[in-house]
Amino acid sequence: MENEAYDRIGDEPPNYEETSFSGEHRAVRPSVVSAFGHDTLDRVPNIDFYRNAGSVSGNRAVRPSLQELHDVFQKNGRISVTNTVEDREGSDGTPSDDVESVIPLDNKDGTVRFGWIKGVLVRCMLNIWGVMLFIRLSWVFGQAGWGLGIVVIALSCVVTTVTGLSMSAICTNGVVRGGGAYYLISRSLGPEFGGSIGLIFAFANAVAVAMYVVGFAETVVDLLKENNAIMIDELNDIRIIGCISVVLLLGISVAGMEWEAKAQIGLLIILLVAIVNVFVGTGIPASTDKKSKGFFNYDAKIFMENLPPDFRDGETFFSVFAIFFPAATGILAGANISGDLKDPQDALPKGTLLAILITGVTYLGVALCVSATVVRDATGNINDTIATGMDMFCNGSNTAACEQGWNFSSCDVSSCKFGSMNNFQVMTMVSGFGPLITAGTFSATLSSALASLVSAPKVFQALCKDNIYTALKFFAKGHGKNNEPIRGYVLTFIIAVAFIIIADLNVIAPIISNFFLASYALINFSCFHASYAKSPGWRPAYRYYNMWLSLFGAVLCCGVMFVINWWAALLTYAIEIFLYVYVTVKKPNVNWGSSTQAVTFVSAVNNALSLTGVEDHVKNFRPQCMVLTGAPKNRPALLDLAHCFTKNYGLCLTCEVFVGPRTETLTDVNAGMEKNQMWLNKKKRKAFYAAVACDSFRQGTENLMQASGLGRLKPNILMMGFKKDWRTADTAGVQSYVGVLHDAFDFEYGTVVLRMNQGLDVSHIIKAQEEMEREAQEQKDLEKEELAEENKGKSIFRKSRNLSTQGLTSRASVTTPQSPQVVVVNERLVSNSTQFQRKQGKGTIDVWWMFDDGGLTLLLPYILTTRKKFKDCKMRIFIAGQPGRVEQDRHEMKSLLEKFRIKYADIHVIDDITQNPNSNSWKMFEDMIEPFRLHEGSKSTTLAEALRKDNPWKISDAELDTFEEKTNLQVRLNELLQENSRAANLIIVSMPIARLGSVSDHLYMAWLDILTKNLPPTMLIRGNHKSVLTFYS
């Protein structure tokens, strides 16, 4: 098929068109003559060549394949090659597949996209500024003092800043899609980590909606309580106000991101005014009422008195830190809507880090202002002043207030209601206008609730789109121009209402904080892991990060989790581990190029290199098999046995040799690589697939034996099937097969040949099944088409239906019907070929260890007995012995096996192995080799020489005479095998060796054939005569 990219009209240079998924076609470059000075199919670098399928930021172009360019130069003319560059990403063409656009496109469809200020900075600041700023900040600094209070804020900012740096590095290492923390973690560490933390993070955001709304409702209820306007009771009022509030917030969210952004701006303005109101209030001269409650404007002595900590009621530094830290969370508010940002790579680092800086300075500024103006304890009684002229010595914990003329000494005896330690409404008192603080509290809670209400569905939608949890695919669908997750909003609303009804978040709040911290820890670890892997694909545009700082951040986040609440931290880890194991077991079909893959590769290379420095030792010998299966599914029995040898033990290579001209076979080689490896993975076979293209089978196998493997990870056993058709095959085929065995001995491979009476190759059955399945599918599709047309009631369908039916009939008639005898044979073949996939019943594995080959003939069956499928099989050992010393030979073998620590059921010593075979067996052998004999003994010398010259591969009389004893041994062994092992599950026999250049190929094949004829599954094994067993420790 000619490539559509070529344009050969006239003498113009070829015009290379793109493959477009949006219905548009445009040339990347109509000509590159100006660039290179001559006509060429090569294309200059262009971004369109690197786009994903289904890109909406531009049209994907398909560059010329290497084969096309190569063939052009070879043939220097028109070419006819298959278009090997196709879009096979499996994309559905949705906008979510566009992950390569760095420069934002114009919004032609009206989609709302936010810049770094409105999309990231505002959201993060609103989420970080919470009720803690107005209600608990003064209490934290009262308990810890402003000395340790600064440490509390600094430590919180260190956690968030390090996480922000790590997030900046990750999100600038390629284009970021929607999904926030889930997207960053999953694309860095893989679906296992991403899937587990994504579900936790989305749920945490949904519950956070309830937490913030309940905080808002509690403030409203306090106001109702002050004005005696409670509706039912405090608990139910919180539920009623909370549910009404979350319904209104849901309406804003569903209305669209644009309305939600406008609401956030309004809330930010209120919050900023409230914060400014605090700073202004500290400079307004304090009234007598405020002084009685502990506020005295700026005073150095008050400031110094508040420097040391004064922990009360069992509080410690860590408990105070645990209470404050949730105020610092919220740095992922911008990342959670990354899909709605114009340029996430630029917006996320800039907006997030600036938000951390602004909010950190704000917290510190407000706290220090309060510490310089408010004492820890105050009575609130305006009569507790020190009378003018009263001589009172000021000391103790209320020195600063005493010097201001107020006597709060009663607070040392009994608890007071005012001061930074006792009154959570200090900010309202300090501010210039109290109601603004209430408005700021409302703004802080509602803005955080709104941000969480938007974040949870967005993250959840991204998780569902990746189909990691197949049951949640329903929530992946979006609606409207912004692809809004309406279903996710409803689910988040339901979760939020459920927790609002509980109306007690003292237990839930630490769990939420721990869920957020777990996300921060994994973001830091993702940055460290990606840097540690040193993958060439790790090239973040943001350079101000350090891998060890990220690791420190990850450890710090884990530590903070336990500081906040140890049982909540353990619960978080338990849930995460459970989800990780679940995703690992399910193995979602995704490949995101995660750093986990990169580290696995680096570890594999390093381990392989470290092995090269270690000398082989007999105790560490492992069977590493090169299995000549052809396509892996063509010889299942051979693959199953090899897998039993190597699973969890060693290397297994399934190999295929494509015979023919390289130009014709290379396409099959390239096409089969991924397909066959995927088949092995699907069938859970721990094996690799390798293929070569050569002019002959022997040459291809020789190449594989010489080049396969990596360092110590290279095959040491060649495993192949017995050539059942050697008597009817051409001479070259037999010579090639026997030549492979000779090559294996030359390269010092252990050699295993498997023979089964029904044969091993089931490729013709597989091909027939695939054809039948294809025809059945066509028939099903045709029936659906007929049904659809009949429902439409179109008369024209009758004609098309007849034509289609005729076409199907003609295709079916091409397939020759199989006779009953052939069907039975095929059924037996399939059954036998899969027998090693089933558990073997009680029986024996008979090991005929005739020759000492280093122990491989004994080791391989022992490994089989350790497998579940063969655990009910006992090993019986058969050895050759001399007449008159059977018991001695048995005792010696028993002693050897005990030293090898190999279990066996029985030892049989064969002392009549040297007897001549019976006439029937010998007649069978003679009939087997008759077509391949020269019979030169009965002819004249001249004629005999001419026959030998014309047929050098045939078996001569002299050769039969020379190897008469060895031939007798093979025939006699078959008789003994028939007599002793006819009922065995599997027979292992030492393989005879044909001396190179002395034994003809057909005689050697006759030896192997007669030795294994009419027996249960039989394996001929010959080690490389290097010890693979030892009895030394």
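Structure: see above.
Residues numbered from 1 in each chain as written. Predicted model: local features only at pLDDT ≥ 70, side-chain atom pairs only at ≥ 80, totals over all residues. Heavy atoms only, no water.

A.B. asks: Can you walk me through the sheet that holds strand β9 (residues 986-990) in this structure?
C.D. replies: Two orientations exist for strands paired in a sheet by backbone hydrogen bonds: parallel and antiparallel. In spatial order, the strands read β3-β2-β1-β4-β5-β10-β9-β6-β7-β8; together these 10 strands make up an open sheet with mixed pairing. On the outer flanks of this sheet lie β3 (688-694) and β8 (906-910), each paired with one strand and no other. Adjacent strand axes in the sheet meet at a mean angle of 20 degrees, parallel and antiparallel pairs treated alike. The pairing of β9 with strand β10 (residues 1018-1022) spans four bridges and is classified as parallel. Residue pairing for β10: Val989 is matched across the bridge by Leu1020. Sheet strands touched by helix α23 (residues 662-682): β2 (652-659) and β3. Its angle to β3, the strand with the most contacts, is close to 175 degrees. Strands β7 (873-880) and β8 of the sheet are contacted by helix α30 (residues 886-900), whose axis makes an angle of about 140 degrees with β8. (Pairing = 2+ DSSP bridges. Helix = DSSP H or I, 4+ residues; strand = E, 2+ residues; numbered from the N terminus. Axes fitted to C-alpha atoms, helices over the stretch in contact; angles between N-to-C directions. Contact = heavy atoms within 4.5 Å.)

A.B. asks: Whenever I open this one, the pairing of strand β4 (residues 717-721) confuses me. Can you help?
C.D. replies: Every other side chain in a regular strand lies on the same face of the sheet, so the side chains alternate between the two faces. Where burial is concerned, most of β4 is hidden: five out of the five residues are buried. Where strand β1 (residues 625-627) lies against β4, three bridges are found, and the strand directions are parallel. Of the residues in β4, the one forming a bridge with Val627 is Met719. Sheet topology note: the β4/strand β5 (residues 750-755) ladder contains five bridges and is parallel. Counted as the bridge partner of Ile717 is Gly750 from β5. Note that the unit made of β4, helix α25 (residues 731-746) and β5 has a crossover that is right-handed. (Buried < 20%, exposed > 50% of the residue type's maximum accessible area, 1.4 Å probe, protein only. Right-handed = clockwise from strand over helix to strand, strands pointing away.)

A.B. asks: Honestly, the packing of aromatic side chains in this entry has me stumped. Any pointers?
C.D. replies: Any aromatic ring pair is given by two values, namely how distant the centres are and how the planes are angled relative to each other. In this structure the tally under the stated criterion is 25 aromatic pairs. With a centroid separation of 4.4 Å and 10 degrees between ring planes, the pair formed by Trp146 and Phe303 is classed as stacked. Taken as a pair, Trp146 in helix α5 (residues 137-171) and Phe303 in helix α11 (residues 300-305) lie far apart in primary sequence, 157 residues in all. Relative accessible area serves as the criterion here: at 16%, Trp146 is assigned to the buried category. Under the relative-accessibility criterion, Phe303 is labelled partly exposed at 23%. When the centroid spacing of 5.5 Å and the interplanar angle of 40 degrees are considered together, the rings of Trp922 and Phe925 count as tilted. With Trp922 and Phe925 both in helix α31 (residues 919-929) and three residues apart, the pair spans about one turn of that helix. (Phe/Tyr/Trp six-rings, centres within 6.5 Å; stacked < 30°, edge-to-face > 60°.)

A.B. asks: Explanation requested: the nonpolar core in the structure shown.
C.D. replies: Soluble globular proteins: nonpolar side chains tend toward being buried together. With 132 residues, the main nonpolar core has Phe134, Leu137, Phe324, Leu332, Tyr363 and Leu517 as its most contacted residues. Beyond its immediate chain neighbours, meaning those up to four positions away, Leu517 contacts Val159, Phe325, Cys557, Val560, Met561 and Ile564. Residues Val753, Met850, Met928 and Leu973 belong to the second largest nonpolar core, which totals 54 residues. (Core = buried A, V, L, I, M, F, W, Y, C linked by side-chain atoms within 4.5 Å.)

A.B. asks: Hey, could you run me through helix α35 (residues 1001-1012) in this one?
C.D. replies: Note: α-helices contain 3.6 residues per turn, so residues at a spacing of three or four share the same orientation. The end-to-end C-alpha distance of α35 is 17 Å, a good match for the 16 Å that 12 residues give at a rise of 1.5 Å each. Most of α35 sits out of view: 12 of its 12 residues are buried. One or two steps after α35, the chain reaches Asn1014, where phi turns positive at roughly 55 degrees. (Expected span 1.5 Å × (residues − 1).)

A.B. asks: I keep staring at the side chain of Ser1000 and nothing clicks. Help me out?
C.D. replies: You can see Ser1000 is positioned in the loop between β9 and α35. According to the relative accessible area criterion, Ser1000 is buried, its value standing at 11%. Discounting chain neighbours no more than four positions away, the residues touching Ser1000 are Trp953, Lys954, Ile955 and Glu959.

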